Amino acid sequence: MLREEASYRDPSGTVFYVGDRVYRGLDATGLANWTALSTTKFFDAGVKYGSLVATSQAPPESVGISDYAAVLEHERIPFISYPYEWSFEMLRDAAATHLDLLRASLDENLTMKDGYSFNMQFRGAQPIFIDIGSFEPVAAGPWIGYRQFCQSFLYPLLLEAHLGVPFQRFLIGHLEGLEPTEMRRIFTGRKRFRKGVFKHVFLHSVAESNVTGGGRDIQRDLGKQGFSKELTKATAKKLSQLIGSLRSRRADSGWKAYRETCSYSDADREAKEQLVTSVVESRDLNLVWDLGANDGAYARIAAQHAKYVVACDSDDVTVDAMYRSLRDDGVSNVLPLVMNVMDPSPARGWRGLERRAFSDRGRADLVMALALIHHLAIASNVPLPEVVAWMRQFDAPLIVEFVESHDPMAARLLANKPEGQFPDYRIDVFEKLLSEAYSITQSVRLPSGSRTLYVVEPR
Amino acid sequence: MNELAYLDANSGSMIAGALAAGFAGIAVVFKMWGQRVMGIFSRKQVEPPEPDGIATDPNAASDL
(Lines give C-alpha, C1' and ligand atoms only; values in the text may rest on other atoms or scores of the structure.)
Protein backbone atom coordinates (compact mmCIF):
# COMPACT_ATOMS: atom_id res chain seq x y z
CA MET A 1 0.00 0.00 0.00
CA LEU A 2 1.32 3.42 -0.96
CA ARG A 3 -0.26 6.53 0.50
CA GLU A 4 -0.88 9.47 -1.85
CA GLU A 5 1.33 12.25 -0.48
CA ALA A 6 -1.13 14.97 -1.55
CA SER A 7 -3.96 13.35 0.42
CA TYR A 8 -3.43 14.82 3.87
CA ARG A 9 -5.65 17.90 3.94
CA ASP A 10 -9.04 16.31 4.39
CA PRO A 11 -9.18 14.16 7.52
CA SER A 12 -12.34 12.38 6.36
CA GLY A 13 -10.61 10.51 3.54
CA THR A 14 -7.15 9.25 2.54
CA VAL A 15 -6.13 8.20 -0.95
CA PHE A 16 -3.74 5.28 -1.34
CA TYR A 17 -2.55 2.89 -4.02
CA VAL A 18 -2.31 -0.85 -4.13
CA GLY A 19 -0.43 -1.80 -7.28
CA ASP A 20 -2.05 0.10 -10.13
CA ARG A 21 -5.35 0.56 -8.30
CA VAL A 22 -6.50 3.72 -6.54
CA TYR A 23 -8.42 3.61 -3.27
CA ARG A 24 -9.80 6.09 -0.77
CA GLY A 25 -10.24 5.15 2.87
CA LEU A 26 -13.11 6.97 4.59
CA ASP A 27 -13.87 7.74 8.21
CA ALA A 28 -17.48 7.84 9.49
CA THR A 29 -18.05 11.38 8.17
CA GLY A 30 -16.55 10.48 4.81
CA LEU A 31 -18.75 7.40 4.62
CA ALA A 32 -21.90 9.40 5.39
CA ASN A 33 -20.96 11.91 2.67
CA TRP A 34 -20.23 9.13 0.17
CA THR A 35 -23.55 7.46 0.95
CA ALA A 36 -25.33 10.74 0.25
CA LEU A 37 -23.35 11.33 -2.96
CA SER A 38 -23.69 7.85 -4.38
CA THR A 39 -27.50 8.06 -4.42
CA THR A 40 -27.67 11.34 -6.33
CA LYS A 41 -28.59 11.62 -9.99
CA PHE A 42 -25.74 13.98 -10.80
CA PHE A 43 -23.14 11.49 -9.57
CA ASP A 44 -24.30 8.84 -12.02
CA ALA A 45 -24.63 11.38 -14.80
CA GLY A 46 -21.19 12.87 -14.06
CA VAL A 47 -19.49 9.48 -14.10
CA LYS A 48 -21.25 8.53 -17.36
CA TYR A 49 -20.34 11.83 -18.99
CA GLY A 50 -16.77 11.57 -17.69
CA SER A 51 -16.66 14.72 -15.55
CA LEU A 52 -16.54 12.75 -12.28
CA VAL A 53 -14.06 10.03 -11.52
CA ALA A 54 -15.72 6.58 -11.63
CA THR A 55 -15.98 5.35 -8.06
CA SER A 56 -17.41 2.33 -6.30
CA GLN A 57 -17.31 0.96 -2.79
CA ALA A 58 -14.79 -1.82 -2.32
CA PRO A 59 -14.84 -4.41 0.45
CA PRO A 60 -12.10 -3.28 2.92
CA GLU A 61 -10.83 -6.86 3.17
CA SER A 62 -10.17 -6.84 -0.59
CA VAL A 63 -7.30 -4.42 0.03
CA GLY A 64 -6.36 -5.92 3.38
CA ILE A 65 -7.07 -2.75 5.35
CA SER A 66 -9.48 -2.44 8.25
CA ASP A 67 -8.61 1.06 9.50
CA TYR A 68 -11.44 2.77 7.68
CA ALA A 69 -15.21 2.94 7.94
CA ALA A 70 -15.31 2.21 4.22
CA VAL A 71 -13.02 1.97 1.22
CA LEU A 72 -13.75 3.36 -2.23
CA GLU A 73 -12.02 2.40 -5.45
CA HIS A 74 -11.49 5.09 -8.09
CA GLU A 75 -10.75 4.75 -11.77
CA ARG A 76 -7.10 5.50 -12.43
CA ILE A 77 -6.29 8.69 -14.32
CA PRO A 78 -3.76 7.68 -17.01
CA PHE A 79 -1.31 10.51 -16.31
CA ILE A 80 -1.53 13.03 -13.46
CA SER A 81 -1.07 16.66 -14.45
CA TYR A 82 -1.20 19.92 -12.54
CA PRO A 83 -2.80 23.30 -13.28
CA TYR A 84 0.59 24.92 -13.84
CA GLU A 85 0.97 22.56 -16.81
CA TRP A 86 -2.39 23.41 -18.37
CA SER A 87 -3.09 25.94 -21.07
CA PHE A 88 -5.59 28.77 -20.64
CA GLU A 89 -8.58 26.90 -22.04
CA MET A 90 -7.68 23.78 -20.11
CA LEU A 91 -7.85 25.72 -16.85
CA ARG A 92 -10.99 27.50 -18.03
CA ASP A 93 -12.73 24.23 -18.96
CA ALA A 94 -11.64 22.67 -15.68
CA ALA A 95 -13.11 25.66 -13.81
CA ALA A 96 -16.37 25.41 -15.75
CA THR A 97 -16.64 21.69 -14.99
CA HIS A 98 -15.99 22.33 -11.30
CA LEU A 99 -18.76 24.94 -11.20
CA ASP A 100 -21.16 22.70 -13.14
CA LEU A 101 -20.62 20.01 -10.53
CA LEU A 102 -21.15 22.50 -7.70
CA ARG A 103 -24.45 23.63 -9.19
CA ALA A 104 -25.59 20.07 -9.84
CA SER A 105 -24.69 19.03 -6.30
CA LEU A 106 -26.59 21.98 -4.82
CA ASP A 107 -29.67 20.82 -6.71
CA GLU A 108 -29.48 17.63 -4.67
CA ASN A 109 -28.65 19.27 -1.33
CA LEU A 110 -24.94 18.66 -1.45
CA THR A 111 -22.09 21.11 -1.84
CA MET A 112 -18.30 20.99 -2.36
CA LYS A 113 -16.10 21.72 0.60
CA ASP A 114 -13.33 23.23 -1.51
CA GLY A 115 -12.70 24.91 -4.84
CA TYR A 116 -9.16 23.84 -5.65
CA SER A 117 -7.93 23.45 -9.20
CA PHE A 118 -5.66 20.56 -8.17
CA ASN A 119 -8.83 18.52 -7.57
CA MET A 120 -9.34 18.51 -11.32
CA GLN A 121 -7.47 16.28 -13.72
CA PHE A 122 -7.61 15.66 -17.46
CA ARG A 123 -8.41 12.41 -19.19
CA GLY A 124 -7.12 13.31 -22.64
CA ALA A 125 -8.74 16.66 -23.39
CA GLN A 126 -11.62 16.18 -20.97
CA PRO A 127 -11.59 17.71 -17.47
CA ILE A 128 -12.51 15.33 -14.68
CA PHE A 129 -13.09 15.98 -10.98
CA ILE A 130 -11.27 13.46 -8.80
CA ASP A 131 -11.88 14.53 -5.22
CA ILE A 132 -15.00 12.56 -4.41
CA GLY A 133 -14.45 13.39 -0.72
CA SER A 134 -15.22 17.03 -1.48
CA PHE A 135 -18.98 16.49 -1.54
CA GLU A 136 -20.84 17.02 1.71
CA PRO A 137 -24.36 18.05 2.78
CA VAL A 138 -25.09 21.68 2.05
CA ALA A 139 -25.20 24.18 4.92
CA ALA A 140 -26.68 27.67 4.84
CA GLY A 141 -24.23 30.46 4.10
CA PRO A 142 -21.80 31.29 1.28
CA TRP A 143 -19.71 28.64 -0.47
CA ILE A 144 -16.67 27.81 1.64
CA GLY A 145 -14.62 27.06 -1.48
CA TYR A 146 -15.08 30.52 -3.01
CA ARG A 147 -11.69 31.88 -1.94
CA GLN A 148 -9.85 28.78 -3.11
CA PHE A 149 -11.73 28.88 -6.40
CA CYS A 150 -10.73 32.51 -6.93
CA GLN A 151 -7.10 31.84 -6.08
CA SER A 152 -6.55 28.66 -8.04
CA PHE A 153 -8.94 29.08 -11.00
CA LEU A 154 -10.30 32.59 -11.49
CA TYR A 155 -7.26 34.76 -10.74
CA PRO A 156 -4.91 32.84 -13.04
CA LEU A 157 -7.51 33.11 -15.81
CA LEU A 158 -7.91 36.86 -15.21
CA LEU A 159 -4.15 37.34 -15.52
CA GLU A 160 -4.18 35.86 -19.01
CA ALA A 161 -7.52 37.24 -20.18
CA HIS A 162 -6.97 40.83 -19.07
CA LEU A 163 -3.21 41.23 -19.08
CA GLY A 164 -1.91 38.53 -21.43
CA VAL A 165 0.33 37.20 -18.65
CA PRO A 166 0.82 33.40 -18.64
CA PHE A 167 -0.42 32.07 -15.31
CA GLN A 168 1.58 28.85 -15.30
CA ARG A 169 4.70 30.39 -13.79
CA PHE A 170 2.66 31.94 -10.98
CA LEU A 171 0.88 28.69 -10.11
CA ILE A 172 4.08 26.65 -10.12
CA GLY A 173 5.55 29.15 -7.70
CA HIS A 174 2.61 29.20 -5.32
CA LEU A 175 0.45 26.10 -5.27
CA GLU A 176 -2.38 27.80 -3.38
CA GLY A 177 -2.73 30.33 -6.18
CA LEU A 178 -2.59 34.11 -6.04
CA GLU A 179 -3.87 35.92 -2.95
CA PRO A 180 -6.65 38.53 -3.32
CA THR A 181 -4.33 41.24 -2.00
CA GLU A 182 -1.60 40.29 -4.48
CA MET A 183 -4.11 40.44 -7.33
CA ARG A 184 -5.34 43.81 -6.10
CA ARG A 185 -1.80 45.15 -6.36
CA ILE A 186 -1.55 43.84 -9.92
CA PHE A 187 -4.95 45.14 -11.05
CA THR A 188 -4.55 48.80 -10.15
CA GLY A 189 -6.09 51.94 -11.67
CA ARG A 190 -8.43 51.33 -14.58
CA LYS A 191 -7.51 47.65 -14.64
CA ARG A 192 -9.63 47.34 -11.50
CA PHE A 193 -12.72 47.72 -13.68
CA ARG A 194 -11.94 44.89 -16.10
CA LYS A 195 -14.56 42.16 -16.17
CA GLY A 196 -14.76 40.25 -12.89
CA VAL A 197 -11.93 42.19 -11.25
CA PHE A 198 -13.85 44.70 -9.14
CA LYS A 199 -16.07 42.11 -7.49
CA HIS A 200 -13.80 39.09 -7.17
CA VAL A 201 -10.46 40.83 -6.68
CA PHE A 202 -10.96 44.36 -5.36
CA LEU A 203 -13.98 43.81 -3.10
CA HIS A 204 -12.57 40.45 -2.05
CA SER A 205 -9.30 42.03 -0.99
CA VAL A 206 -11.03 44.93 0.76
CA ALA A 207 -13.27 42.50 2.64
CA GLU A 208 -10.28 40.39 3.66
CA SER A 209 -8.39 43.41 4.89
CA ASN A 210 -11.26 44.86 6.87
CA VAL A 211 -13.40 42.03 8.16
CA THR A 212 -12.02 40.09 11.05
CA GLY A 213 -13.44 37.37 13.22
CA GLY A 214 -14.27 33.73 12.71
CA GLY A 215 -15.11 32.82 9.14
CA ARG A 216 -17.38 30.02 10.30
CA ASP A 217 -19.32 32.45 12.50
CA ILE A 218 -19.85 34.77 9.56
CA GLN A 219 -20.89 31.88 7.33
CA ARG A 220 -23.40 30.76 9.97
CA ASP A 221 -24.72 34.29 10.54
CA LEU A 222 -25.12 34.89 6.82
CA GLY A 223 -26.97 31.60 6.62
CA LYS A 224 -29.29 32.66 9.45
CA GLN A 225 -29.99 35.94 7.69
CA GLY A 226 -31.14 34.14 4.57
CA PHE A 227 -28.05 33.19 2.52
CA SER A 228 -29.55 30.01 1.14
CA LYS A 229 -28.21 27.41 -1.27
CA GLU A 230 -30.12 29.27 -3.99
CA LEU A 231 -27.75 32.18 -3.50
CA THR A 232 -24.77 29.84 -3.69
CA LYS A 233 -26.22 28.55 -6.97
CA ALA A 234 -26.52 32.14 -8.15
CA THR A 235 -22.85 32.71 -7.23
CA ALA A 236 -21.79 29.60 -9.14
CA LYS A 237 -23.88 30.66 -12.14
CA LYS A 238 -22.36 34.14 -12.21
CA LEU A 239 -18.87 32.67 -11.89
CA SER A 240 -19.65 30.26 -14.76
CA GLN A 241 -20.80 33.15 -16.93
CA LEU A 242 -17.71 35.16 -16.10
CA ILE A 243 -15.35 32.29 -16.80
CA GLY A 244 -17.15 31.41 -20.02
CA SER A 245 -16.62 34.97 -21.25
CA LEU A 246 -12.86 35.03 -20.65
CA ARG A 247 -10.58 34.62 -23.64
CA SER A 248 -6.83 34.29 -23.90
CA ARG A 249 -5.25 37.50 -25.15
CA ARG A 250 -2.60 35.68 -27.10
CA ALA A 251 -4.53 32.76 -28.59
CA ASP A 252 -4.79 33.86 -32.20
CA SER A 253 -1.49 35.56 -32.84
CA GLY A 254 0.60 32.79 -31.29
CA TRP A 255 -1.04 30.04 -33.29
CA LYS A 256 -0.81 31.89 -36.59
CA ALA A 257 2.85 32.70 -35.94
CA TYR A 258 3.55 29.01 -35.38
CA ARG A 259 1.89 28.01 -38.63
CA GLU A 260 3.88 30.60 -40.56
CA THR A 261 7.20 29.47 -39.16
CA CYS A 262 6.69 25.77 -39.79
CA SER A 263 9.04 24.93 -42.66
CA TYR A 264 8.39 21.26 -43.42
CA SER A 265 7.81 20.25 -46.98
CA ASP A 266 4.88 17.96 -47.66
CA ALA A 267 7.32 15.19 -48.57
CA ASP A 268 9.16 15.60 -45.23
CA ARG A 269 5.92 15.55 -43.33
CA GLU A 270 4.72 12.45 -45.12
CA ALA A 271 7.97 10.57 -44.50
CA LYS A 272 7.92 11.54 -40.86
CA GLU A 273 4.31 10.42 -40.44
CA GLN A 274 5.11 7.10 -42.10
CA LEU A 275 8.04 6.45 -39.79
CA VAL A 276 6.11 7.34 -36.62
CA THR A 277 3.20 5.16 -37.76
CA SER A 278 5.45 2.19 -38.51
CA VAL A 279 7.12 2.43 -35.09
CA VAL A 280 3.99 2.83 -32.97
CA GLU A 281 1.87 0.25 -34.80
CA SER A 282 4.47 -2.45 -34.28
CA ARG A 283 4.59 -2.06 -30.48
CA ASP A 284 2.34 -2.52 -27.50
CA LEU A 285 2.48 0.96 -25.97
CA ASN A 286 0.82 2.10 -22.77
CA LEU A 287 2.36 5.54 -22.52
CA VAL A 288 4.12 7.68 -25.11
CA TRP A 289 5.72 11.05 -24.42
CA ASP A 290 5.88 13.52 -27.28
CA LEU A 291 8.34 16.20 -26.17
CA GLY A 292 8.10 19.35 -28.24
CA ALA A 293 4.74 18.29 -29.62
CA ASN A 294 3.79 21.58 -31.33
CA ASP A 295 0.32 21.08 -32.84
CA GLY A 296 0.17 17.45 -31.70
CA ALA A 297 0.11 15.95 -35.20
CA TYR A 298 2.53 13.15 -34.33
CA ALA A 299 1.02 12.65 -30.89
CA ARG A 300 -2.28 11.97 -32.64
CA ILE A 301 -0.65 9.40 -34.89
CA ALA A 302 0.93 7.72 -31.86
CA ALA A 303 -2.44 7.78 -30.08
CA GLN A 304 -3.99 5.65 -32.81
CA HIS A 305 -1.92 2.74 -31.53
CA ALA A 306 -0.78 3.68 -28.01
CA LYS A 307 -3.13 3.69 -25.05
CA TYR A 308 -2.14 7.19 -23.93
CA VAL A 309 0.07 9.98 -25.22
CA VAL A 310 1.34 12.95 -23.22
CA ALA A 311 2.12 15.78 -25.62
CA CYS A 312 4.29 18.54 -24.11
CA ASP A 313 5.35 21.85 -25.50
CA SER A 314 6.91 24.85 -23.83
CA ASP A 315 4.71 27.37 -25.62
CA ASP A 316 1.40 27.68 -23.78
CA VAL A 317 -0.30 29.30 -26.78
CA THR A 318 0.61 26.35 -28.99
CA VAL A 319 -0.58 23.92 -26.33
CA ASP A 320 -3.83 25.85 -26.04
CA ALA A 321 -4.42 25.47 -29.78
CA MET A 322 -3.52 21.77 -29.55
CA TYR A 323 -5.95 21.34 -26.65
CA ARG A 324 -8.78 23.04 -28.52
CA SER A 325 -8.32 20.84 -31.56
CA LEU A 326 -8.11 17.66 -29.47
CA ARG A 327 -11.16 18.69 -27.45
CA ASP A 328 -13.17 19.62 -30.51
CA ASP A 329 -12.24 16.38 -32.26
CA GLY A 330 -13.06 14.33 -29.17
CA VAL A 331 -9.58 12.74 -28.93
CA SER A 332 -9.64 11.03 -25.56
CA ASN A 333 -6.10 9.66 -25.21
CA VAL A 334 -3.81 12.61 -25.87
CA LEU A 335 -3.01 14.85 -22.92
CA PRO A 336 -1.59 18.22 -23.98
CA LEU A 337 0.67 19.87 -21.39
CA VAL A 338 2.65 23.07 -21.12
CA MET A 339 6.14 22.05 -20.13
CA ASN A 340 9.58 23.21 -21.10
CA VAL A 341 12.06 20.33 -21.13
CA MET A 342 14.75 22.88 -20.20
CA ASP A 343 12.83 23.55 -17.00
CA PRO A 344 10.61 20.52 -16.39
CA SER A 345 7.97 20.45 -13.66
CA PRO A 346 9.79 19.70 -10.42
CA ALA A 347 8.50 18.01 -7.27
CA ARG A 348 6.56 20.59 -5.25
CA GLY A 349 4.54 21.06 -2.10
CA TRP A 350 4.70 19.43 1.31
CA ARG A 351 7.98 17.56 1.80
CA GLY A 352 8.58 17.96 -1.90
CA LEU A 353 6.30 14.99 -2.44
CA GLU A 354 2.84 16.49 -2.78
CA ARG A 355 3.08 17.33 -6.48
CA ARG A 356 5.39 14.99 -8.31
CA ALA A 357 8.06 15.83 -10.84
CA PHE A 358 7.01 15.20 -14.44
CA SER A 359 9.35 12.27 -14.90
CA ASP A 360 8.05 10.56 -11.72
CA ARG A 361 4.47 10.31 -12.90
CA GLY A 362 4.74 7.37 -15.20
CA ARG A 363 7.30 5.55 -17.30
CA ALA A 364 7.07 6.09 -21.03
CA ASP A 365 7.26 3.07 -23.34
CA LEU A 366 8.34 5.35 -26.15
CA VAL A 367 9.62 8.92 -26.25
CA MET A 368 9.36 11.11 -29.33
CA ALA A 369 11.72 14.08 -29.64
CA LEU A 370 10.91 15.43 -33.08
CA ALA A 371 12.41 18.76 -34.16
CA LEU A 372 13.52 19.32 -30.58
CA ILE A 373 17.25 18.66 -30.37
CA HIS A 374 18.33 21.77 -32.29
CA HIS A 375 16.35 23.95 -29.90
CA LEU A 376 18.14 22.42 -26.93
CA ALA A 377 21.60 22.35 -28.49
CA ILE A 378 21.57 25.68 -30.33
CA ALA A 379 18.94 27.92 -28.73
CA SER A 380 19.67 26.75 -25.17
CA ASN A 381 23.36 25.89 -25.55
CA VAL A 382 23.02 22.34 -24.15
CA PRO A 383 26.04 20.32 -25.37
CA LEU A 384 25.05 17.33 -27.52
CA PRO A 385 26.51 14.76 -25.07
CA GLU A 386 24.25 16.28 -22.39
CA VAL A 387 21.26 16.06 -24.70
CA VAL A 388 21.87 12.37 -25.36
CA ALA A 389 22.48 11.67 -21.65
CA TRP A 390 19.20 13.43 -20.83
CA MET A 391 17.28 11.31 -23.32
CA ARG A 392 18.97 8.15 -22.06
CA GLN A 393 17.58 8.82 -18.56
CA PHE A 394 14.11 7.95 -19.84
CA ASP A 395 15.35 4.39 -20.39
CA ALA A 396 12.90 4.04 -23.24
CA PRO A 397 12.98 3.58 -27.00
CA LEU A 398 13.18 6.84 -28.83
CA ILE A 399 12.25 8.46 -32.10
CA VAL A 400 14.57 11.43 -32.39
CA GLU A 401 15.10 13.92 -35.18
CA PHE A 402 18.40 15.61 -35.88
CA VAL A 403 18.16 18.88 -37.77
CA GLU A 404 21.41 19.79 -39.45
CA SER A 405 22.82 23.29 -39.27
CA HIS A 406 22.06 24.06 -42.93
CA ASP A 407 18.33 23.46 -42.37
CA PRO A 408 16.41 26.77 -42.55
CA MET A 409 15.05 26.40 -39.01
CA ALA A 410 18.44 25.52 -37.51
CA ALA A 411 20.10 28.29 -39.54
CA ARG A 412 17.63 30.76 -38.07
CA LEU A 413 18.63 29.72 -34.55
CA LEU A 414 22.34 29.82 -35.42
CA ALA A 415 21.97 33.31 -36.86
CA ASN A 416 21.43 34.61 -33.32
CA LYS A 417 24.63 33.01 -32.03
CA PRO A 418 28.29 33.96 -32.49
CA GLU A 419 29.77 32.26 -35.53
CA GLY A 420 31.64 29.06 -34.75
CA GLN A 421 30.01 28.58 -31.34
CA PHE A 422 28.75 25.10 -32.16
CA PRO A 423 31.56 23.29 -34.01
CA ASP A 424 30.36 19.93 -32.68
CA TYR A 425 26.76 20.38 -33.74
CA ARG A 426 27.14 17.90 -36.58
CA ILE A 427 25.23 14.81 -37.59
CA ASP A 428 28.30 12.57 -37.37
CA VAL A 429 28.92 13.69 -33.77
CA PHE A 430 25.29 13.16 -32.84
CA GLU A 431 25.15 9.75 -34.48
CA LYS A 432 28.29 8.64 -32.62
CA LEU A 433 26.92 9.81 -29.27
CA LEU A 434 23.58 8.18 -29.99
CA SER A 435 25.15 4.86 -30.95
CA GLU A 436 27.14 4.79 -27.70
CA ALA A 437 23.96 5.00 -25.61
CA TYR A 438 21.48 3.27 -27.89
CA SER A 439 21.19 0.68 -30.62
CA ILE A 440 20.10 2.51 -33.75
CA THR A 441 17.48 0.28 -35.34
CA GLN A 442 16.39 2.62 -38.12
CA SER A 443 17.43 5.93 -39.59
CA VAL A 444 15.59 7.85 -42.29
CA ARG A 445 16.87 10.97 -43.99
CA LEU A 446 13.93 13.19 -44.90
CA PRO A 447 13.60 14.28 -48.57
CA SER A 448 14.67 17.86 -47.83
CA GLY A 449 18.14 16.50 -47.04
CA SER A 450 18.67 18.42 -43.80
CA ARG A 451 16.83 16.26 -41.29
CA THR A 452 17.32 12.68 -40.15
CA LEU A 453 15.06 10.57 -37.97
CA TYR A 454 16.44 7.82 -35.77
CA VAL A 455 14.61 4.98 -34.08
CA VAL A 456 16.75 3.76 -31.19
CA GLU A 457 16.60 1.27 -28.33
CA PRO A 458 18.48 1.73 -25.04
CA ARG A 459 21.61 -0.39 -24.84
CA MET B 1 -20.59 19.30 10.11
CA ASN B 2 -18.99 22.71 9.68
CA GLU B 3 -16.86 22.12 12.76
CA LEU B 4 -15.39 19.12 10.94
CA ALA B 5 -14.72 20.97 7.71
CA TYR B 6 -10.99 21.08 7.02
CA LEU B 7 -10.77 24.20 4.91
CA ASP B 8 -10.00 27.32 6.89
CA ALA B 9 -12.78 29.84 6.45
CA ASN B 10 -11.57 33.39 6.02
CA SER B 11 -14.14 35.86 7.33
CA GLY B 12 -13.42 38.46 4.64
CA SER B 13 -13.73 35.82 1.93
CA MET B 14 -17.06 34.74 3.41
CA ILE B 15 -18.32 38.30 2.99
CA ALA B 16 -16.79 38.46 -0.50
CA GLY B 17 -18.45 35.13 -1.32
CA ALA B 18 -21.78 36.55 -0.23
CA LEU B 19 -21.27 39.71 -2.29
CA ALA B 20 -20.44 37.56 -5.31
CA ALA B 21 -24.02 36.29 -5.29
CA GLY B 22 -25.19 39.72 -6.49
CA PHE B 23 -27.80 42.07 -5.03
CA ALA B 24 -29.48 39.39 -2.95
CA GLY B 25 -26.12 38.49 -1.41
CA ILE B 26 -25.33 42.13 -0.70
CA ALA B 27 -28.72 42.47 1.00
CA VAL B 28 -27.96 39.50 3.25
CA VAL B 29 -24.59 41.00 4.24
CA PHE B 30 -26.24 44.30 5.21
CA LYS B 31 -28.97 42.44 7.08
CA MET B 32 -26.34 40.46 9.01
CA TRP B 33 -24.38 43.57 9.90
CA GLY B 34 -27.61 45.32 10.91
CA GLN B 35 -28.43 42.44 13.22
CA ARG B 36 -24.92 42.45 14.66
CA VAL B 37 -25.11 46.20 15.38
CA MET B 38 -28.54 45.74 16.98
CA GLY B 39 -27.15 42.80 18.93
CA ILE B 40 -24.31 44.92 20.34
CA PHE B 41 -26.79 47.55 21.62
CA SER B 42 -29.22 45.02 23.03
CA ARG B 43 -26.42 43.08 24.80
CA LYS B 44 -25.04 46.28 26.31
CA GLN B 45 -28.41 47.05 27.87
CA VAL B 46 -28.80 43.62 29.46
CA GLU B 47 -25.22 42.49 30.12
CA PRO B 48 -22.71 45.05 31.43
CA PRO B 49 -19.11 44.03 30.54
CA GLU B 50 -17.15 42.06 33.15
CA PRO B 51 -14.06 43.68 34.63
CA ASP B 52 -10.88 42.17 33.15
CA GLY B 53 -9.11 39.46 35.13
CA ILE B 54 -11.92 38.78 37.59
CA ALA B 55 -13.37 35.30 37.64
CA THR B 56 -17.08 35.35 36.95
CA ASP B 57 -19.77 33.25 38.49
CA PRO B 58 -21.75 31.64 35.70
CA ASN B 59 -24.88 31.93 37.83
CA ALA B 60 -24.34 35.59 38.66
CA ALA B 61 -26.28 36.84 35.66
CA SER B 62 -29.43 35.21 37.00
CA ASP B 63 -29.06 37.27 40.19
CA LEU B 64 -29.39 40.54 38.24
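If you're wondering where the values come from, they're calculated on a predicted model, not measured in any experiment. Counting of residues starts from 1 at the beginning of each chain's written sequence and follows it residue by residue. Both sets of labels track the order of writing: A upward for chains, 1 upward for ligands. Reporting in this predicted model follows two pLDDT cut-offs: at least 70 for local features of residues, and 80 or more for side-chain atom pairs to be given and counted; totals over whole chains, interfaces and linings ignore these cut-offs and use all residues. The side-chain quantities take in all heavy atoms of the structure and omit both hydrogens and water.

1. Structural notes on the confidence of the model for chain B
- Of all residues in chain B, 45% have pLDDT values of 70 or greater, and the mean over the chain is 66.
- Known as pLDDT, the predictor's per-residue confidence is scaled from 0 to 100. Starting at the N terminus, helices and strands are each numbered in turn, a helix being any DSSP run of H or I of at least four residues and a strand any DSSP run of E of at least two. The element-level mean pLDDT for chain B is lowest in helix 3 (residues 60-63) of chain B, coming to 35, with helix 1 (residues 11-19) of chain B highest at 91.

2. Some points on the interface of chain A and chain B
- Residues count as neighbours in contact if any of their non-hydrogen atoms are within 4.5 Å of one another. Contacts between the two partners involve 41 residues from chain A and, on the opposite side, 31 residues from chain B.
- Together, the buried faces of chain A and chain B total about 3,100 Å²; carbon and sulfur atoms form 67% of this surface.
- By the criterion of area lost to chain B, the three top residues of chain A are A:R216, A:L222 and A:Q225, representing 20% of everything that side buries.
- Throughout this description, the term salt bridge denotes a Lys or Arg side-chain nitrogen within 4 Å of a carboxyl oxygen of Asp or Glu. Where chain A meets chain B, there are zero salt bridges.
- Mapped onto the side of chain A that touches chain B, the elements with two or more residues apiece are strand 9 (135-137), helix 4 (146-163), helix 7 (197-210), helix 8 (215-224) and helix 9 (229-245) of chain A.
- Looking at which element gives the most residues to the side of chain A that touches chain B, the answer is helix 8 of chain A, with eight residues.
- Among the residues forming the side of chain A that touches chain B, the class breakdown is 15 nonpolar, 13 polar and 13 charged. Here the quantity called buried area is the total loss of accessible area, with a 1.4 Å probe, experienced by two parts when brought into contact, counted for both. Each residue is assigned to one class: nonpolar for Ala, Val, Leu, Ile, Met, Phe, Trp, Tyr, Cys and Pro, charged for Asp, Glu, Lys and Arg, and polar for all the others, Gly among them.

3. Some thoughts on helix 8 of chain A
- For every residue, the accessible area (1.4 Å probe, protein chains only) is compared with the maximum for its type, and the residue is labelled buried under 20%, exposed over 50%, or partly exposed between those bounds. Buried within helix 8 of chain A are the following residues: A:G215, A:R216, A:I218, A:Q219, A:L222 and A:G223. End-on view of helix 8 of chain A: buried residues confined to an arc of 160°, all on one side of the axis. Working note: the arc is built from the helix axis to C-beta atom directions.

4. Some details on helix 15 (residues 384-392) of chain A
Residue and element names in this part refer to chain A.
- Every buried residue belonging to helix 15 is among L384, V387, V388 and M391, and all of these are buried. All buried residues of helix 15 fall inside an arc of 95° around its axis, so they share one side.
- Contacts made by the buried residues of helix 15 are with helix 14 (373-379), strand 14 (398-403), helix 17 (427-437) and strand 15 (438-445).

5. With respect to the sheet that holds strand 3 (residues 21-26) of chain A
Residues and elements named next belong to chain A.
- As summarised here, the arrangement of the five strands in space is 1-2-3-5-4, forming an open sheet in which the pairing is antiparallel. Among the strands making up the open sheet, the edge pair consists of strand 1 (2-3) and strand 4 (55-58).
- When DSSP finds two or more bridges between a pair of strands, those strands are recorded as paired. Pairing geometry for strand 4 and strand 5 (residues 70-74), over four bridges, is antiparallel. Looking across to strand 5, one finds that T55 is bridged to H74.

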